[in-house]
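Below, each chain spelled out in residue letters.
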Amino acid sequence: MSGTLMSVFVYDGMPAGGGVFIPGSDVVTDICLRAGLDVSQINVALLQATGNIKPSDVVQGYVIERPTPAADVLKVLMQAFFFEACESDGQMVFVPRGLAPKLTIPEADLGLEN
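Report on the accompanying structure.

So, how was this worked out
Residues numbered from 1 in each chain as written. Predicted model: local features only at pLDDT ≥ 70, side-chain atom pairs only at ≥ 80, totals over all residues. Heavy atoms only, no water. Salt bridge = Lys/Arg side-chain N within 4 Å of Asp/Glu carboxyl O. Helix = DSSP H or I, 4+ residues; strand = E, 2+ residues; numbered from the N terminus. Buried < 20%, exposed > 50% of the residue type's maximum accessible area, 1.4 Å probe, protein only. Core = buried A, V, L, I, M, F, W, Y, C linked by side-chain atoms within 4.5 Å.

1. Here's the deal with the pattern of salt bridges
Consideration 1: One pass over the full model with this rule turns up three salt bridges.
Consideration 2: Among the salt bridges present, the one from Lys75 reaches Asp72, with a minimum N-O distance of 4.0 Å. With Lys75 and Asp72 both in helix 3 (residues 70-81) and three residues apart, the pair spans about one turn of that helix.
Consideration 3: Where Glu84 meets Arg97, a salt bridge forms, and the shortest distance between an N and an O atom there is 2.6 Å. Highlighted residues: Glu84 in strand 8 (residues 83-88) and Arg97 in the segment after strand 9 (91-96), separated in sequence by 13 residues.
Consideration 4: Owing to a relative accessible area of 37%, Glu84 belongs among the partly exposed residues under this scheme.

And the structure:
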């Protein structure tokens, strides 16, 4: 993701109508869209799944004061909200840390020589 976000880009934690904090998954999606990704290339489903996101995982405020690569902005959010990103099947997939592994590869299958 090479898009650069424009300066003075502010998430004040409240949508235009006020009253409700913005979920982190919505902020991640917005950053990706502003960086030039299509909505079909963004997968935040695991950030939205019940049990994977806590009520405190809302962005209460975030100011980007100068043109900044979207990847750098996302890295800050990833550190603050404990999630990772990877590319899978043409999508950027955002995954909360601490989920059970999908697959365990036995050491014998890693091709390590004794």
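2. Some thoughts on the environment of Leu46
Consideration 1: Of note, Leu46 is situated in helix 2 (residues 45-48).
Consideration 2: Given a relative accessible area of 31%, Leu46 falls into the partly exposed group.
Consideration 3: It is 8.5 Å that separates the C-alpha atoms of Leu46 and Val93, two residues lying 47 residues apart in sequence.

3. Considering the nonpolar core
Consideration 1: Ranked by internal contacts, the top residues of the largest apolar core, which has 19 residues, are Val28, Ile31, Cys32, Leu74, Leu77, Phe83 and Phe94.
Consideration 2: Among the secondary structure elements, those contributing two or more residues to this core are helix 1 (24-34), strand 6 (62-64) and helix 3.
Consideration 3: Among the elements that line this core, the one with the most residues is helix 3, at five residues.

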